[in-house]
Amino acid sequence: LSPAEARKSQSRLTKAMEEYFSAIRKMEHVVMFPSLLRGVYMEQQNDVATDDFGNRDLYEYYLQLKSIKLAMEGRLVPLNESKHQIITSREEAQENGEEADLEQLLYYHFTGLYRVLSHLTRKANALTRKYNEIIGQIN
């Protein structure tokens, strides 16, 4: 993984995280009464298939999306600690005689996290649109 590719991956991940947090903030701002989402199931949307929501109602997804946001805000490892863990892992791998391509492993996990965040962002946006439809029908 070249330095340019690493910067590009990091940039994509940062953008995905910003989009996810933005979508969740918008969802939290718009959804004033989450209980209105109980018993409501997603219909086909342009950017999210109904299969993505399974057989759970939108209230359960609302709680899940908020829970993931709280976990990400509170459980991210500080940069200095993560550097220490990477160094420790590399030293342990060398001591055990293992080949450790930590850079490739990091890229793999960045890619996976990017995909998950993009998927969750689409879900949050779809949930917000559906809530707006419900409110529009009530008014």
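Residues numbered from 1 in each chain as written. Predicted model: local features only at pLDDT ≥ 70, side-chain atom pairs only at ≥ 80, totals over all residues. Heavy atoms only, no water.

If you look the chain up in an unreviewed UniProt entry, it shows as Thyroid hormone responsive from Pelodiscus sinensis.

## Regarding the overall build of the chain
Secondary structure assignment for the chain yields 4 helices and 0 strands. Taken from N to C terminus, the helices and strands of the chain fall in the order α-α-α-α. Taken over 139 residues, the chain has a buried fraction of 29%. Long-range contacts, defined as pairs at least 24 residues apart, comprise 79% of the intrachain contacts of the chain with a sequence gap of at least 6. With the model as given, the accessible surface of the chain reaches about 9,500 Å², and the carbon-plus-sulfur share is 50%. (Helix = DSSP H or I, 4+ residues; strand = E, 2+ residues; numbered from the N terminus. Buried < 20%, exposed > 50% of the residue type's maximum accessible area, 1.4 Å probe, protein only. Contact = heavy atoms within 4.5 Å. Areas by Shrake-Rupley, 256 points an atom, 1.4 Å probe, with all protein chains shown as cover.)

## With respect to helix H1 (residues 3-30)
Over its 28 residues, H1 runs 40 Å from end to end, which matches the ideal 40 Å to within 8%, given 1.5 Å per residue. Listing the buried residues of H1 in full gives Ser9, Leu13, Ala16, Met17, Tyr20, Phe21, Ala23, Ile24, Met27 and Val30. (Expected span 1.5 Å × (residues − 1).)

## Looking at the side chain of threonine 128
For threonine 128, the position within the fold is in helix H4 (residues 102-138). A distance of 2.8 Å separates a polar atom in the side chain of threonine 128 from the backbone oxygen of alanine 124. Residues within four places of threonine 128 in sequence aside, it is in contact with Lys26, Met27 and Val30. (Polar contact = N/O pair within 3.5 Å; in protein donor to acceptor, adjacent residues only side chain to side chain.)

## Some points on the pattern of salt bridges
This structure, assessed with the given rule, holds 4 salt bridges. Lysine 15 is the partner of glutamate 19 in a salt bridge, and the nearest nitrogen-oxygen pair spans 2.4 Å. Taken together, the positions of glutamate 19 and lysine 15, both in helix H1 and 4 residues apart, correspond to about one turn of that helix. Glutamate 28 is the partner of lysine 66 in a salt bridge, and the nearest nitrogen-oxygen pair spans 3.3 Å. Within this pair, whereas lysine 66 is found in helix H2 (residues 58-75), its partner glutamate 28 is found in helix H1, the two being separated by 38 residues in sequence. (Salt bridge = Lys/Arg side-chain N within 4 Å of Asp/Glu carboxyl O.)

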